[in-house]
Amino acid sequence: MSHLSQRPEKPAVGVSMPHESAVQHVTGAALYTDDLVHRTKDVLHAYPVQVMKAHGRITRLHTGPALAVPGVVRVLTGADVPGVNDAGMKHDEPLFPDTVMFHGHAVAWVLGETLEAARLGAAAVEVDLDEQPSLIALGDAIAAGSFHGARPVMLTGDVDAGFADSAHVFSGEFQFSDQEHFYLETHAALALVDENGQMFVQSSTQHPSETQEIIAHVLGLHSHEVTVQCLRMGGGFGGKEMQPHGFAAVAALGARLTGRPVRVRLNRTQDLTMSGKRHGFHAEWRIGFDAEGRIQALDATLTADGGWSLDLSEPVVARALCHIDNTYWIPNARVAGRIAKTNKVSNTAFRGFGGPQGMLVIEDIMGRCAPLLGLDPMELRERNFYRPGQGQTTPYGQPVTHPERISAVWQQVCADGRLADRRREIAAFNAAHPNTKRGLAITGVKFGISFNLTAFNQGGALVLVYKDGSVLINHGGTEMGQGLHTKMLQVAATTLGIPLHKVRLAPTRTDKVPNTSATAASAGADLNGAAVKNACEQIRERLLQVAGGRLGTNASDVRIVEGVARALGSETELAWDDLVRTAYFQRVQLSASGFYRTEGLHWDAKAFQGSPFKYFSYGAAAAEVEVDGFTGAYRIRRVDIVHDVGDSLSPMIDIGQVEGGFVQGAGWLTLEDMRWDTGDGPGRGRLLTQAASTYKLPSFSEMPQEFHVRLLENATEEGAVYGSKAVGEPPLMLAFSVREALRQAAAAFGPAGVSVELASPATPEAVYWAIEASRRAAASPDGHRGDGSTTGAGSTTGAGPRAEAEALSSSA
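Student: So what's going on with the overall build of the protein chain? Residues and values would help.
Tutor: If you tally the helices and strands in the protein chain, you get 19 helices and 32 strands. Taken over C-alpha atoms, the radius of gyration comes to 28 Å for the protein chain, in line with the 28 Å a tight globule of 812 residues would show. With respect to the three principal axes, the spread of C-alpha positions in the protein chain is 90 × 80 × 50 Å. Out of the 812 residues belonging to the protein chain, those deemed buried represent 61%. Across the protein chain, contacts joining residues at least 24 apart in sequence account for 80% of those joining residues at least 6 apart.

In structure tokens, the structure reads:
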């Protein structure tokens, strides 16, 4: 076992413990960015001047009326920017735009003594607009050829030969929805300038180093003149990876120009209308199967709705392409990706980062094609799994490590959930209930862990040991409720061999750990944990030398366990506090900077080939639903999950992440129906679901009545920190099982072999229309299909016999 993976005697990792801030969270004592305003003197409040049109060139911006409003101190415009007027890493996001690109685009910011003064000032600003045509719907952008950014193509094998060898070929389209992050804490920043002119910004950001970089170039400063701190976030989910930078830059610009602290905090409506979402996608596909139902070829085009600027759309599309295979071996594939440019908010990272979109496409294909192949969907999926010992690689050329775990988690779910017995019970229930049906489906997950951009796979840490034996750790990761800080405390305590209460963690700051990567890609614990471990190991090695001298033995024979240093085979011991004090008087360095870079990664973005991921996380989930045939309303009766997190660093945290990720995924796939005004009226481009009253989020009532989660046992991941695996993103895709169970239940209202199209999100309304289609199939003359397409035997030039199914299609 590698040094990085090996656990010492009596480790603090692997112990179930509550979140390190759990008590503060539930008692209200935890501080977030906006709470710091009340501890800061003479704060000015910033309020955006939003233009409620989807697209147009600004011909006049008159700020004079705002300055006449009592309490207004200043109006920030593009003329005030001393550096670069841009808030994006692609330099396509002007902080103060001269062209409105989406409904609600902020073109200026008003600073007021109170938030109300700033709001009234913003309302007084006069903006004249030369309106331009706008593209709102993804389909309209595709039809207009409105694209931006890279257009990668992933190619493996011989696609044409694969289709020629296929006994069955199907094709179709699938469009599915975007998703709002809806974190509890909206975007917030608080900026102030100290007596030396140093800019200090508190920001609710997943990427403090990039926030620092954007602020510096907006202000025309060097990075060492800007410090960004993230105390904690009230949720992020990817929505605070790129999007906070502009808001922090506005606060910093205001502080620079006025000499007073400036606060930016969006209200919920502003956050919903001004910040990006998960990318909605359109997929066009063609797939071939052999006579046994094994995939032979896939040809697909995935189009992401990028919104008005690129943001992270390019890597999102790249990850979607890299995950379209999910758990299935596809020997011949040609998958193209592209980004549509629309007049909507700039879509951004969201838990899974394109992976869910790619995987949803193949899972939808499997669910729709299984009946046409005469196979149970469970059997079709299992028949196409990656297999051990076959030398199979992904379509982008990476070997699939531990493919046996795909079947292991699947079989464990089948056993734990008694799937064979319950399928018989469901068949009996459905036969006895003409207007209520149940469905049971199982789906798997294979998710690659690491940033697709190799350079981001690095982490840093700073560990300080004080004379009294207490330890303070700093690392580059941010805490958004996911438990990263909890795991880092456990890693530090394990590596040093001391009790957890000896270790404290400091807020994430750019002047403590520089050049950090975003806390994203599920790599927070991998990168920062290894960096913390590296720093602690440096200190421990120095202390072992000191302990060896005191104990009269070689340093290599000393072990520090539970805060006591002992020599092997000796009863003599030295307490941690005494050891540290001794080291201090011997002038031994008691601090260390740690670093880690993920090994074994390589990626050619142009060829779209390589091994971009350190490893794959696996999981499987079975969901049972019950559907009302009159309304389409449904409830989730039971969910069984087995998920692979390697050797868990913190089991309670990991199980919580699996549960939360699953529920968030179920929300995206079944409830969260984003609606935009696509009409030609004055509200064109407006987000219609801009409040919790109109945007349906999962709540307790949507939770499964029975919810069973198990972590895969004996699953050490070689080459990862203490044998663990990432947990943040992969569980979200376990929710595919809910959507597929709804498809099964809707199909039960029709004849056997019906292919059910199901929109995403599969709202009760969408489920109702799927049920109606199944009923029409029962009433149709052939009693087989309800979607208007046909099946038949035939052949094409140069191809063997095959059954050709005409286009299957569904839209969200």
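Having seen it, we continue.
Student: Tell me about the packing of aromatic side chains, and name the residues and values.
Tutor: Two measures describe an aromatic ring pair: the distance that separates the ring centres and the angle between the ring planes. Tallied over the entire structure, the rule returns 17 aromatic pairs. When the centroid spacing of 6.3 Å and the interplanar angle of 70° are considered together, the rings of Trp 109 and Phe 247 count as edge-to-face. Placement of the pair is Trp 109 in strand 5 (residues 105–112) and Phe 247 in helix 7 (residues 244–258), with a sequence separation of 138 residues. Neither residue differs from the other here; Trp 109 and Phe 247 are each classed as buried. With a centroid separation of 5.3 Å and 70° between ring planes, the pair formed by Tyr 768 and Trp 769 is classed as edge-to-face. Classification of Trp 769 as exposed rests on a relative accessible area of 53%. Site record: aromatic cluster; members linked through ring pairs are Tyr 396, Trp 603, Phe 608, Phe 613 and Phe 616. For the cation-ring pair, Arg 286 lies above Phe 163, with the distance from its terminal atom to the ring centre recorded as 4.2 Å. In this structure, Arg 438 is placed above the aromatic ring of Phe 429, and the distance from its NZ or CZ to the ring centre is 3.7 Å.

Student: Residue-level account of unusual backbone geometry, with values.
Tutor: Going from Ser 760 to Pro 761, the amide bond is cis rather than trans, its omega being 10°. Examined against the element boundaries, Pro 761 turns out to sit in the loop between helix 18 (736–747) and helix 19 (764–779). The phi dihedral of Asn 714 is positive, around 50°, even though this residue is not glycine. Mapped onto the secondary structure, Asn 714 falls in the loop between strand 29 (706–711) and helix 18. The exposure class of Asn 714 is exposed, given its relative accessible area of 79%.

Student: So what's going on with the sheet that holds strand 27 (residues 615–628)? Which residues, and what values?
Tutor: Strand order in this open sheet of 4 strands is 16-27-28-29, and the pairing throughout is mixed. Each end of this open sheet is capped by a strand with a single partner; those strands are strand 16 (436–449) and strand 29. With strand direction ignored, the average angle separating the axes of adjacent strands in the sheet is 15°.

Student: Hey, could you go over the pairing of strand 12 (residues 262–265) for me, with residue numbers and the actual values?
Tutor: Note that strand 1 (residues 44–51) and strand 12 share 2 bridges and pair parallel. Of the residues in strand 12, the one forming a bridge with His 45 is Arg 263. Taken together, the 4 bridges between strand 9 (residues 188–193) and strand 12 define a ladder with antiparallel strand orientation. Note on strand 12: the bridge partner recorded for Ala 188 is Arg 265.

Student: A description of helix 6 (residues 208–219) should follow, citing residues and the corresponding values.
Tutor: Helix length check: helix 6 (12 residues) gives 16 Å between terminal C-alpha atoms against 16 Å at 1.5 Å per residue, within 8%. By the criterion of burial, helix 6 is predominantly enclosed, with 11 of the 12 residues buried. Turning to helix 6, its buried residues number three or more, namely Pro 208, Ser 209, Glu 210, Thr 211, Gln 212, Ile 214, Ile 215, Ala 216, His 217, Val 218 and Leu 219. If you follow the buried residues of helix 6, they end up packed against strand 10 (199–203), strand 11 (226–230), helix 7 and strand 20 (508–509). Following helix 6 by one or two positions, Gly 220 adopts a phi angle in the positive range, close to 70°.

Student: Could you give an account of the environment of Thr 273, with specific residues and numbers?
Tutor: With respect to the helices, strands and loops of the structure, Thr 273 is situated in helix 8 (residues 268–274). Its relative accessible area of 12% is what places Thr 273 among the buried residues. For Thr 273, the contacting residues outside a window of four places in its chain are Gln 50, Phe 102, His 103, Val 345 and Gln 690. At 2.8 Å, the side chain of Thr 273 and the backbone oxygen of Thr 269 are in polar contact.

Student: Please set out the pairing of strand 28 (residues 634–643) residue by residue, giving values where relevant.
Tutor: On a regular strand, each side chain points to the face opposite its neighbour's, so the side chains alternate between the two faces of the sheet. Most of strand 28 is tucked away, with 8 of its 10 residues classed as buried. Here 9 bridges tie strand 27 to strand 28, and the two strands are oriented antiparallel to one another. Directly across from Val 627, in strand 28, lies its bridge partner Tyr 634. Counted along the chain from strand 27 to the antiparallel partner strand 28, the turn is 5 residues long, and its residue Gly 632 has a positive phi close to 80°.

Student: Go over the packing of helix 15 (residues 524–551) against helix 16 (residues 576–585) with me, naming the residues and quoting the values.
Tutor: Closest axis-to-axis distance for the helix 15/helix 16 pair is 10 Å, and the angle between their directions is 100°. As the angle between them shows, helix 15 and helix 16 are arranged roughly perpendicular. Of the residues in helix 16, those in contact with Leu 543, Val 546, Ala 547 and Arg 550 of helix 15 are Trp 576, Leu 579, Thr 582 and Ala 583. Partitioned by chemical class, the residues of the contact of helix 15 with helix 16 number 6 nonpolar, 1 polar and 1 charged.

Student: I'd like to hear about the nonpolar core, residue by residue, with values.
Tutor: With 109 residues, the main nonpolar core has Ile 287, Phe 289, Leu 302, Val 627, Ile 641, Phe 662 and Leu 742 as its most contacted residues. Contact partners of Phe 662, with chain neighbours within four places excluded, come to Val 639, Ile 641, Pro 704, Phe 707, Pro 731, Leu 732, Leu 734, Ala 735, Ser 737 and Val 738. Met 488, Val 491, Val 546 and Ala 565 belong to the second-largest nonpolar core, a separate cluster that totals 53 residues.

Student: How would you summarise the packing of helix 17 (residues 651–670) against helix 18 if you had to cite specific residues and measurements?
Tutor: Two elements in contact, helix 17 and helix 18, have axes whose closest approach is 8 Å; the angle formed by their N-to-C orientations is 45°. Considering the angle they form, helix 17 stands oblique to helix 18. Taken together, the residues of helix 18 that come into contact with helix 17 (itself represented by Phe 662, Trp 668, Leu 669 and Thr 670) are Phe 736, Ser 737, Val 738, Arg 739 and Leu 742. Considering only residue class, the contact of helix 17 with helix 18 consists of 6 nonpolar, 2 polar and 1 charged.

Student: Pulling in residues and values, what's your account of the side chain of Thr 443?
Tutor: Among the structural elements, Thr 443 can be located in strand 16. Looking at Thr 443, its side chain comes within polar contact range of the main-chain nitrogen of Ser 737, at 3.1 Å. Apart from residues lying up to four places away in sequence, Thr 443 is in contact with Glu 363, Arg 381, Trp 410, Gly 619, Ala 620, Ala 621, Leu 734, Phe 736, Ser 737 and Glu 740.

Student: An account of the pattern of salt bridges is needed here, citing residue identities and associated values.
Tutor: It is possible for side chains of opposite charge to pair when their charged atoms get near one another. For the structure on display, the rule yields 55 salt bridges. Asp 34 is the partner of Arg 263 in a salt bridge, and the nearest nitrogen-oxygen pair spans 2.7 Å. Pair noted here: Arg 263 is in strand 12 and Asp 34 is in the loop between helix 1 (22–27) and strand 1, with a separation of 229 residues, a long-range link. Summarising the burial analysis for this pair, Arg 263 and Asp 34 share the class buried. One salt bridge in this structure joins Arg 743 and Asp 364, with 2.8 Å as the shortest N-O distance. Of this pair, Arg 743 sits in helix 18 while Asp 364 sits in helix 10 (residues 355–372), placing them 379 residues apart in sequence. Of the two residues, Arg 743 and Asp 364, both sit in the buried class. Connected through salt bridges with shared partners, the residues Arg 422, Arg 438, Glu 624, Glu 626, Arg 635, Arg 637, Arg 638, Asp 640 and Glu 706 form a single ionic network.

Student: Give me the side chain of Asp 178: which residues, what numbers.
Tutor: Examined against the element boundaries, Asp 178 turns out to sit in the loop between strand 8 (168–176) and strand 9. Although Asp 178 is buried, it forms no salt bridge, and the closest oppositely charged side chain is Lys 344 at an N-O distance of 4.4 Å. For Asp 178, the side chain forms a polar contact with the side chain of Ser 177, separated by 3.1 Å. At a separation of 3.4 Å, a polar atom in the side chain of Asp 178 contacts the side chain of Trp 676.

Rules behind the numbers
- Residues numbered from 1 in each chain as written.
- Predicted model: local features only at pLDDT ≥ 70, side-chain atom pairs only at ≥ 80, totals over all residues.
- Heavy atoms only, no water.
- Helix = DSSP H or I, 4+ residues; strand = E, 2+ residues; numbered from the N terminus.
- Rg over C-alpha atoms; globule rule 2.2 N^0.38 Å.
- Buried < 20%, exposed > 50% of the residue type's maximum accessible area, 1.4 Å probe, protein only.
- Contact = heavy atoms within 4.5 Å.
- Phe/Tyr/Trp six-rings, centres within 6.5 Å; stacked < 30°, edge-to-face > 60°.
- Lys NZ or Arg CZ within 6 Å of the ring centre and 35° of its normal.
- Pairing = 2+ DSSP bridges.
- Axes fitted to C-alpha atoms, helices over the stretch in contact; angles between N-to-C directions.
- Expected span 1.5 Å × (residues − 1).
- Polar contact = N/O pair within 3.5 Å; in protein donor to acceptor, adjacent residues only side chain to side chain.
- Parallel < 35°, antiparallel > 145°, perpendicular 65-115°, else oblique.
- Nonpolar A, V, L, I, M, F, W, Y, C, P; charged D, E, K, R; others polar.
- Core = buried A, V, L, I, M, F, W, Y, C linked by side-chain atoms within 4.5 Å.
- Salt bridge = Lys/Arg side-chain N within 4 Å of Asp/Glu carboxyl O.
- Lys, Arg positive; Asp, Glu negative; His and termini not counted.

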